[in-house]
Amino acid sequence: EIVALTPSTFDAALASVRENYPKAATNAMMNLIDSHDTNRALYELTLSGDTGLTQAKERLKLTSLFQFAYMGAPTVYYGDEAAINSPSLANGTNGPEDDPYNRAPYPWADETGNASVYGPADTAMVSWYSKLAAFRKAHPSLRGAGTFTTMLTGDTTASSTDNSSYAFARTGGGETTLVLMNNGSASNTVSVPAPAAFANGKVLLDGISGATTTVANGVVTWTLPARTGAILYL
């Protein structure tokens with residue numbers, strides 16, 4: 001069983017790993033969600049009570065948003081970008097068995113065989129990963145030796161509207177981006193202290209939705225639907 005983390009315990013876990021390595025190593029680390037040695041991400045992100053794979057795919061999108069915005073190099077295990085569905089065997093002879101289910105073939109539409117066994121490839125998810133990759137390429141604050149600063153752990157604030165939200169800023173290459181995430185099952189409204197580059201009156205654009213907000217009184221206010229995120233920049 002994987003124990004759920006609150007925003008503050010998630011932040012503490014990240015900080016602990018960063019403290020164990022030189023910054024140069026952190027900047028170069030290979031950020032994996034899953035691999036041939038683990039269960040498939042979509043399988044792990046499916047929870048009791050979900051309706052099909054809808055919520056699991058939303059969690060995969062949110063997880064990959066973090067993967068592409070965090071320090072290090074996002075490394076995608078083949079098929080995650082297409083949301084291939086290859087559940088592990090939960091009750092095998094030796095307990096949970098991830099192998100060989102995690103090695104399912106990619107559901108190529110132009111190859112022989114039945115692409116529906118593990119697919120077909122989710123074109124919306126493919127577009128999502130492409131968007132994340134393009135955004136990261138276009139924004140130097142998310143690449144290289146930029147800084148990382150925690151801006152909000154919702155479970156530690158006085159507000160009751162942000163309990164499942166987490167926010168951090170990345171600065172580098174002459175720009176700053178503010179990443180917001182809500183992994184909860186309900187909408188969250190967050191009030192995040194504005195990074196130094198985001199002065200009052202500045203209009204911020206979300207690289208995911210295209211929506212905007214204006215910095216006021218040193219605060220960035222945003223509403224995050226369940227299991228979604230945003231990347232705000234000038």
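Scroll up to find the structure.
Residues numbered from 1 in each chain as written. Predicted model: local features only at pLDDT ≥ 70, side-chain atom pairs only at ≥ 80, totals over all residues. Heavy atoms only, no water.

With that settled, consider the nonpolar core. Residues Leu60, Leu65, Trp128, Phe168 and Met181 are the most contacted members of the largest nonpolar core, which totals 28 residues. For this core, the secondary structure elements donating two or more residues are helix 3 (41-44), helix 4 (54-69), helix 5 (123-138), strand 6 (165-172), strand 7 (175-182) and strand 12 (228-233). Not counting chain neighbours up to four residues away, the residues in contact with Leu60 comprise Ala41, Leu42, Leu45, Asp80, Met125 and Tyr129. Residues Ala167, Val215, Ala230 and Leu232 belong to the second largest nonpolar core, which totals 17 residues. (Core = buried A, V, L, I, M, F, W, Y, C linked by side-chain atoms within 4.5 Å. Buried < 20%, exposed > 50% of the residue type's maximum accessible area, 1.4 Å probe, protein only. Helix = DSSP H or I, 4+ residues; strand = E, 2+ residues; numbered from the N terminus. Contact = heavy atoms within 4.5 Å.)

Let's shift gears to the side chain of Thr153. Inspection of the secondary structure puts Thr153 in strand 5 (residues 147-153). Looking at Thr153, the relative accessible area reads 13%, which means it is buried. Polar side-chain contacts of Thr153 include one of 2.6 Å to the side chain of Thr156. Ignoring sequence-local partners within four residues, the contact set of Thr153 consists of Pro7, Ser8, Asp11, Ser165 and Tyr166. (Polar contact = N/O pair within 3.5 Å; in protein donor to acceptor, adjacent residues only side chain to side chain.)

Turning to helix 1 (residues 7-19), a few remarks are in order. The terminal C-alpha atoms of helix 1 lie 18 Å apart, and with 13 residues this matches the ideal 18 Å at 1.5 Å per residue to within 8%. Within the span of helix 1, buried status applies to Pro7, Asp11, Leu14 and Ala15. The buried side chains of helix 1 occupy one side of the element, clustering within an arc of 100° when seen end-on. Where helix 1 is buried, its residues meet helix 4, strand 5 and strand 6. (Expected span 1.5 Å × (residues − 1). Arc of directions from axis to C-beta.)

Below, the discussion takes up the pattern of salt bridges. According to the stated counting rule, one finds five salt bridges in the structure shown. Arg103 serves as the salt-bridge partner of Asp99, at 2.8 Å between the closest nitrogen and oxygen. Its relative accessible area of 41% is what places Arg103 among the partly exposed residues. (Salt bridge = Lys/Arg side-chain N within 4 Å of Asp/Glu carboxyl O.)

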